[in-house]
Each structure stands twice: as structure tokens, then as C-alpha cells.
Amino acid sequence: MSRKPKLYYFNGRGKMESIRWLLAAAGVEFEEEFLETREQYEKFLQDGSLLFQQVPMVEMDGMRMVQTRAILSYIAGKYNLHGKDLKERALIDMYVGGTDDLMGFIMMFPFFSAEDKEKQRAIIVQKATSRYFPAYEKVLKDHGQDFLVGNNFSWADVHLLEAILMVEEKKSDVLSGFPQLQAFKARISTIPTIKKFLEPGSQRKPVPDDKYVETVRRVLRMYYDLKVN
Amino acid sequence: MSGKPRLTYLNGRGRMESIRWLLAAAGVEFEEVFLQTKEQYDKLIKDGLLLFQQVPLVEIDGMKMVQTRAILSYIAGKYNLHGKDLKERALIDMYVEGIADLMQMILMFPFSPPDAKEKNLDSIKDRATNRYFPVFEKVLKQHGQDFLVGNKFSWADVQLIEAILAVEEKIPTVLSGFPQLQAFKTKMSNMPTIKKFLQPGSPRKPPPDDHYVETVMKVFKR
């Protein structure tokens, strides 16, 4: 009997969203349990389900996996989205490291004060357009292939599309200087599994709102604002 | 041209230290280039060597690798320190990621303002003794083996010994409630490649001091 992976997290993007994207891209159906109360979280802490007392947690293949990067790496490896050899894997890891750093800025965003949000929005756009997007634009231009690594669809492509869409939510014309990325975005969005994930009714989560922030703060007792670096 | 991996970073621990540890543990000799001025750093960027304009940079096997985790993962894979299959790799990844979260607190510590240092030190102690060390104490106790994963030396063991020593530098008695970790520390410290790395004269870097902090601020000033 093969059970679907089960994801434990808040009902919102956060650190789990990249995992939802990757499972969806791989065509893997999954279930979700949403953390809504402090009591639920404390129960997880008590029953030992969370190795380092943190979510995301994904139950899959008999494991209770934690640590976002470990989970993503496992999924990528299992579904052949992690390159054909160690060198391709290294390239993919480098690229997802970059998009991870970029999405990290966005992930913190809802937890800033209103004033710091404006500063942070500017930082996100600046990092995207002067550090990250140029790197991927060049990779695609240099090899002229459809996918970032090894002429094959991989975790790096999924992660980059996710990052592009997230930055666009903050500044809709952010891709205007990046023709390769525009074409990339169009191509990857039409891959059947991804197209399905981008449609309403999928398990993709919306942009975090106040209710999401409130839930996270309440469950984790995280009542301070993050500060702009 | 030696073919040895070449590490480019500041002359100090920072994000490169875990890479030095892993290469050393794998018995791999490496060269180092130390960034001392902003001009050196700007030149690296101008020459297109830094994919995301950041160090660490490790030149290895014809690649200019950046992103600490990617580099560590490559080294672990190449030198058979990443488990025998996907599931062992997953366990190792979980463990090293947890330890990396603890190490991140230590990495940031020298850069915290003076009035926050005591609070941050307390946080490090709290996380080490209540979140991270208990996990590895339990793992070792439950399987009774010398190594964290698959009864074989791996990246996870190297990362853990590095973290234990780094925390002990700040809190010398931190292992007092953890007999398994004490035994683990002794065993790992006596493994030939690690023993060599722990001796004076090795590429291991000392704890960050004011000069190191100053250099970081100077080189990465925008």
C-alpha cells in the first residue's frame, strides 16, 4: 500500500511552498494537515514527530522528514529531478541555493512592520534584478537550452519559476530586462503538471495575508517583528 | 597547476569552515586564497567568478562552485560521505541542516551589537542543550553505533563534531548532560584525518576575533 506524502504546516506558503511546488511538478499527489492552534503544535512537540521541534514536516516513505532542504533534495532525487550525475546535481544545488536565498527575503516579508515592508520590497527587487535574475538569464543565454541544467527538466527549473512568480507579485514588471527568463517562465508554466498546479483549486497557497501571519505568530508564539538587514 | 581544490574566502571561519572540515575529514588537500581587501573582492565579481557575487568560492573539478550547501553536498557525494542510498542521504541531510541552523547562530554571533551578545550567547546555549544536542544524543543512544548514520562515517559526523567544538568554545561545560556526545567527540577527534586537522598548523581557522570582523566589514562594504 503506497500512501501519499502528508505535509504538516500552516495553511499558507512559508517554507512548505517549495515542497508543494516540487511534489506537484513531479506529478505526486499529497495530503496536508494544517497547523491552526498552539495546542496542535504542542501535541506534535510532545509526541516527538518533529525532530528539531519545527515544521515543515513531511511524512513520506516511512520517514518523518524535517528540514526543508533535506525534504526537497529527497523528493528531487526520488523523482529524477536532481540531475544525472554528481556534477549536474552540484549545478542544480547551486542554482536552488540562489533562488532559495532570494525567496528567503520574500518569506520574511509578511513579518515586517509596515514601514520596514517598503524597505524590504525594495531590497527584494534590487536583489532579484541585480544579483539573481542576471545569473539565470546568463545561464539560459549561454547554453540556449530550455532547462537550466543538462537539457532536462529539474528541481532548479521548478524553484526558479516559483521565485520568478513570487517576485512578480511584488513588482509585476520585474522581468522586463530579462528576455530569457520571460521565455523560460512561459515554457515552464505550460509543462502539464505545473500548468495544473497554477490553476485555481490546486494546493498552491495564496500570497500570505494577515490571517496567515496571525496564525504563525499564535502557533509559534512569535510576537516580534523581523527587522530589515 | 595542482588540481587541488582551491578555496577563496576570508582568512577566518565563517561559511567556509565547514568546507575545510569536510575536505580535511575526507583526507583531501586544498589551497586557499584569502580575501583581504574590497578591491580583491570587486575583482572577483568583475571577472565573473562568483555566480551570485558571493563567497565561499571553491574551484574543484573544473567547476567554480558557490553556495556552501551545494559545495558540501558535492564533496560529501564525491568522497562517499553522503550515505549509501537516498534514504541514508535524507537522514544525513536532515542532521546537517539541523546542525547548520545551530552553526548559523554561532556564525552571526561576532557581528551582534555588544548589548545583544549576552542574550545571543544564552540563545546558543538554549538551542544547543534543548533542541539540537538532545536529538543526536538520542540517535547515538538508540542505535549504539559509533557514527550517526548507517554505521559508517559520514558528513553528518563531521558536521556534528565541528558544531560540538564550536559551541564548547563558547560554553565549555555544554556537553555535561550528554554522555553519548562526549564519547562521540572523543572518537571523532581520534580519527586520523580529523586528528590531523585538530593539530596546530592545519588549515583549521581560529575563533573569529575583532580583526576578522573588521576585515569582513571592510571587504563586503557597499
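Residues numbered from 1 in each chain as written. Chains lettered and ligands numbered in written order. Predicted model: local features only at pLDDT ≥ 70, side-chain atom pairs only at ≥ 80, totals over all residues. Heavy atoms only, no water.

Engineer: What is the right way to read the interface of chain A and chain B from this model?
Structural biologist: On the side of chain B, 32 residues touch chain A, which itself brings 32 residues to the contact. Approximately 2900 Å² of surface area, both sides summed, lies buried where chain A meets chain B, with 61% of it carried by carbon and sulfur atoms. Linking chain A with chain B are 14 residue pairs in polar contact (both at pLDDT 80 or more). For the side of chain A that touches chain B, the elements supplying multiple residues, two or more each, are strand 4 (63-66), helix 3 (68-78), helix 4 (86-108) and helix 5 (114-143) of chain A. Among the elements that take part in the side of chain A that touches chain B, helix 4 of chain A stands out by supplying 10 residues, more than any other. Its residues placed into classes, the side of chain A that touches chain B shows 14 nonpolar, nine polar and nine charged. (Contact = heavy atoms within 4.5 Å. Buried area = accessible area lost by both parts, 1.4 Å probe. Polar contact = N/O pair within 3.5 Å; in protein donor to acceptor, adjacent residues only side chain to side chain. Helix = DSSP H or I, 4+ residues; strand = E, 2+ residues; numbered from the N terminus. Nonpolar A, V, L, I, M, F, W, Y, C, P; charged D, E, K, R; others polar.)

Engineer: Explain the sheet that holds strand 3 (residues 57-60) of chain B here, please?
Structural biologist: Adjacent strands of a sheet pair through backbone hydrogen bonds, lying either parallel or antiparallel. All names here are of chain B. Strand order across the open sheet formed by four strands is 2-1-3-4, with mixed pairing between neighbours. Single-partner strands in this sheet number two, and they are strand 2 (31-35) and strand 4 (63-66). Adjacent strand axes in the sheet meet at a mean angle of 20°, parallel and antiparallel pairs treated alike. Sheet analysis places strand 1 (residues 6-10) next to strand 3, joined by three bridges and oriented antiparallel. Of the residues in strand 3, the one forming a bridge with Leu7 is Val58. (Pairing = 2+ DSSP bridges. Axes fitted to C-alpha atoms, helices over the stretch in contact; angles between N-to-C directions.)

Engineer: Please clarify how the sheet that holds strand 4 of chain A should be interpreted in this entry.
Structural biologist: Residue and element names in this part refer to chain A. Across the sheet, which stays open at both edges, the four strands sit in the order 2-1-3-4 with mixed pairing between neighbours. At either end of the open sheet lies a strand with only one pairing partner, and these are strand 2 (31-34) and strand 4. Each strand of the sheet is rotated relative to its neighbour by a mean of 20°, with strand direction disregarded. Both strand 1 (residues 6-9) and strand 3 (residues 57-60) contribute to a ladder of three bridges, which runs antiparallel. Within strand 3, the position partnered with Lys6 by the bridge is Glu59.

Engineer: Looking at this structure, I do not really get unusual backbone geometry. What am I missing?
Structural biologist: A negative phi angle is the norm for most residues apart from glycine, just as the trans form is the norm for most peptide bonds. All names here are of chain A. Residue Val55 is joined to Pro56 through a cis peptide bond whose omega torsion reads 5°. Topologically, Pro56 is positioned in the loop between helix 2 (38-46) and strand 3. The phi dihedral of Gln53 falls on the positive side, at around 65°, and the residue is not glycine. In this structure, Gln53 sits in the loop between helix 2 and strand 3.

Engineer: Would you explain the UniProt feature "domain: GST C-terminal" (unreviewed entry) in chain B in this entry?
Structural biologist: Here, the residues flagged by UniProt with the feature "domain: GST C-terminal" (unreviewed entry) are residues 85-209 of chain B. Across residues 85-209 of chain B, helical content stands at 66% and strand content at 0%; the span's end C-alpha atoms are separated by 41 Å. (UniProt positions renumbered as here; feature names shortened; annotations may be inferred.)

Engineer: Quick question: what am I supposed to make of the UniProt feature "domain: GST N-terminal" (unreviewed entry) in chain B here?
Structural biologist: Mapped onto the present numbering, the UniProt feature "domain: GST N-terminal" (unreviewed entry) falls on residues 3-83 of chain B. In this annotation, residues 3-83 of chain B is assigned 36% helix and 22% strand; the end-to-end C-alpha distance for the span is 26 Å.

Engineer: What's the story with the domain arrangement of chain B in this structure? I'm lost.
Structural biologist: One frequent convention defines the size of an interface as the accessible area lost when the parts assemble. All names here are of chain B. Partitioning chain B into domains gives domain 1 (6-79 + 198-220) and domain 2 (86-190). Computed over C-alpha atoms only, the centres of domain 1 and domain 2 are separated by 22 Å. Taken together, the contact pairs 20 residues of domain 1 with 14 residues of domain 2. Between domain 1 and domain 2, the buried area comes to about 1500 Å², and carbon and sulfur atoms account for 67% of it. Contact with domain 2 buries area across many residues of domain 1, yet Arg15, Trp21 and Arg69 alone supply 31% of it, more than any other trio. Where domain 1 meets domain 2, there are three salt bridges. In this structure, Arg204 engages Glu169 in a salt bridge whose closest nitrogen and oxygen atoms are separated by 3.9 Å. Secondary structure elements with two or more residues in the side of domain 1 that touches domain 2: helix 1 (17-25), helix 3 (68-78) and helix 9 (210-219). (Domains from an automatic or database assignment. Salt bridge = Lys/Arg side-chain N within 4 Å of Asp/Glu carboxyl O.)

Engineer: Looking at this model, I keep getting lost on the environment of A:Glu36. Mind explaining?
Structural biologist: Residues and elements named next belong to chain A. Mapped onto the fold, Glu36 is located in the loop between strand 2 and helix 2. By relative accessible area, Glu36 is classed as partly exposed at 42%. Glu36 sits 25 residues away from Asn11 along the chain, and the two C-alpha atoms are 7.9 Å apart. (Buried < 20%, exposed > 50% of the residue type's maximum accessible area, 1.4 Å probe, protein only.)

Engineer: In this structure, what is going on with the pattern of salt bridges? I would like to understand it.
Structural biologist: When charged atoms on two side chains of opposite charge get close, those side chains can pair. On inspection of all chains with the given rule, the structure shows 37 salt bridges over all chains. For A:Asp173, the salt bridge is made with A:Lys171, and the minimal N-O distance between the two is 2.9 Å. By relative accessible area, A:Asp173 is classed as partly exposed at 42%. B:Arg20 is paired through a salt bridge with B:Glu32; the nearest N and O atoms lie 2.8 Å apart. Linking B:Arg20 in helix 1 with B:Glu32 in strand 2, this pair joins segments that are 12 residues apart in sequence.

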